[in-house]
Amino acid sequence: MGSLAAVPDTGAVPRHVAIIMDGNGRWAKRRLLPRFAGHKAGVDTVRRITRAARALGIEALTLYAFSSENWRRPEAEVSDLMGLLRLFIRNDLAELVADNVRLRIIGDYRRFSADLVALIDDAVARTASNTGPILVIALNYGAQAELVAAAQRLATRAAAGEIAPEAITAEAIEAELDTHGLPPLDLVIRTSGEQRLSNFLLWQAAYAELLFVDTLWPDFDEAALGEAVAAFGRRQRRFGGL
């Protein structure tokens, strides 16, 4: 059998790419900088990669910005992350609007402070009519909680007699997920060398291609995204067939 590298690039561009942005802390540590510096550099990378994804023709880009487990981090670090999120929305919303990008949030972000929730809601509303690429930000998101909530809603409807138990199909579950209406997930990228999904898009990633790269998130640039898309184009996707 030939190696993966020997498979020609088909030129296929994934419609939906999700990225686990990992390595900010290690990036800062290697430079003898505080963790905040790594997170700030990571936000700069978000800006570059969202632009690069649009240039490549990726329809939807989902970024794992704050997981439901991130609350376990020191309070000061969580506060720093919230501050950077505010800064990103205030500085970049006008560009998203001008570039016809629709902003979408997955996860229970309403646990955040009231002013941040209002800022997020306003950003989503201001881009809601845009018809171009979709930028999805996962905030206080956990895939297991997403699946539990979907199952509970369907079980409640079944108990009330609104639907029959056999109507709880894969399609019915998908319709209850935060990602309903997005293109199917094609490619998941995780930076920093870690090789796990960390409770991210577990259902959606069932047939996604997985790509783990050693590059720390602040160093992940436009060329790295291009290489990831090219690697996707070399994959042979069979979806269980031959």
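Residues numbered from 1 in each chain as written. Predicted model: local features only at pLDDT ≥ 70, side-chain atom pairs only at ≥ 80, totals over all residues. Heavy atoms only, no water.

Draft legend 1. Structural context of the overall build of the chain. Within the chain, the regular secondary structure consists of seven helices and six strands. In the chain, the order of α-helices and β-strands from amino to carboxyl end is β-α-α-β-α-β-α-β-α-α-β-β-α. Here the C-alpha atoms of the chain give a radius of gyration of 19 Å, agreeing with the 18 Å that 2.2 N^0.38 yields for 242 residues. Looking at the chain as a whole, 45% of its 242 residues qualify as buried. Nonlocal contacts in the chain, meaning residues at least 24 apart in sequence, comprise 79% of its contacts between residues at least 6 apart. For the chain, the accessible area works out to roughly 12400 Å², and carbon and sulfur atoms hold 54% of it. A gap of 4 Å separates the mean positions of the 28 positive and 30 negative side-chain charges of the chain. (Helix = DSSP H or I, 4+ residues; strand = E, 2+ residues; numbered from the N terminus. Rg over C-alpha atoms; globule rule 2.2 N^0.38 Å. Buried < 20%, exposed > 50% of the residue type's maximum accessible area, 1.4 Å probe, protein only. Contact = heavy atoms within 4.5 Å. Areas by Shrake-Rupley, 256 points an atom, 1.4 Å probe, with all protein chains shown as cover. Lys, Arg positive; Asp, Glu negative; His and termini not counted. Charge placed at Lys NZ, Arg CZ, Asp CG, Glu CD.)

Draft legend 2. Up close: the pattern of salt bridges. Scanning all chains against the criterion turns up 20 salt bridges. Put simply, Glu 194 and Arg 26 hold a salt bridge, and the shortest N to O gap is 3.4 Å. Taken as a pair, Glu 194 in the loop between β5 (187–190) and β6 (209–212) and Arg 26 in helix α1 (residues 24–30) lie far apart in primary sequence, 168 residues in all. The partly exposed category is assigned to Glu 194, whose relative accessible area is 23%. Among the ionic pairs, Glu 162 bridges to Arg 157, the shortest N-O distance being 3.7 Å. Salt bridges sharing partners connect three or more residues here, namely Asp 22, Arg 26, Arg 190, Glu 194 and Arg 196. (Salt bridge = Lys/Arg side-chain N within 4 Å of Asp/Glu carboxyl O.)

Draft legend 3. Structural context of the sheet that holds β6. Read from one edge to the other, the open sheet built from six strands follows the order β3-β4-β2-β1-β5-β6, with strand pairing classed as parallel. Of all strands in the sheet, those bounded by a partner on one side alone are β3 (102–106) and β6. Geometrically, the sheet is characterised by an average inter-axis angle of 20° between neighbouring strands, direction not taken into account. Summarising the sheet, strand β1 (residues 16–20) and β5 pair through four bridges and their orientation is parallel. Within β5, the residue paired with Ala 18 across the bridge is Val 188. Lying over the sheet, helix α4 (residues 114–127) contacts β3 and β4 (134–141), oriented at roughly 140° with respect to β3. Set on the sheet, helix α7 (residues 222–234) makes contact with β5 and β6; between it and β5 the angle comes to about 135°. (Pairing = 2+ DSSP bridges. Axes fitted to C-alpha atoms, helices over the stretch in contact; angles between N-to-C directions.)

Draft legend 4. Examining unusual backbone geometry more closely. The phi dihedral of Asn 100 is positive, around 65°, even though this residue is not glycine. The topology assignment puts Asn 100 in the loop between α3 (75–98) and β3. At Asn 140, a position not held by glycine, the phi torsion is positive, near 50°. A relative accessible area of 8% places Asn 140 in the buried class.

Draft legend 5. Geometry of the packing of aromatic side chains. On inspection of all chains with the given rule, the structure shows seven aromatic pairs. Look at Tyr 64 and Phe 200: their rings are 4.2 Å apart centre to centre, the planes differ by 15°, and that puts the pair in the stacked class. Highlighted residues: Tyr 64 in strand β2 (residues 60–67) and Phe 200 in the loop between β5 and β6, separated in sequence by 136 residues. Each of the two residues, Tyr 64 as well as Phe 200, counts as buried. The interplanar angle of 85° and the centroid separation of 6.1 Å between the aromatic rings of Tyr 141 and Phe 200 together place this pair among those described as edge-to-face. Within this pair, whereas Tyr 141 is found in strand β4, its partner Phe 200 is found in the loop between β5 and β6, the two being separated by 59 residues in sequence. Among the aromatic side chains, those forming a connected cluster through ring pairs are Tyr 64, Tyr 141 and Phe 200. Between the NZ or CZ atom of Arg 111 and the centre of the ring of Trp 71, over which it lies, the distance is 4.2 Å. (Phe/Tyr/Trp six-rings, centres within 6.5 Å; stacked < 30°, edge-to-face > 60°. Lys NZ or Arg CZ within 6 Å of the ring centre and 35° of its normal.)

Draft legend 6. Structural view of the confidence of the model for the chain. When the pLDDT values of the chain are averaged, the result is 94; 95% of them are 70 or greater. Counted against residues more than four places away or in other chains, residues 1–6, with its pLDDT under 50, gives three contacts. (pLDDT = per-residue confidence, 0-100.)

Draft legend 7. Fine view of helix α2 (residues 35–56). For α2, which comprises 22 residues, the first-to-last C-alpha distance of 31 Å matches the rise-based estimate of 32 Å (1.5 Å per residue) to within 8%. Looking one or two places after α2, you find Gly 57, whose phi comes out positive at around 90°. (Expected span 1.5 Å × (residues − 1).)

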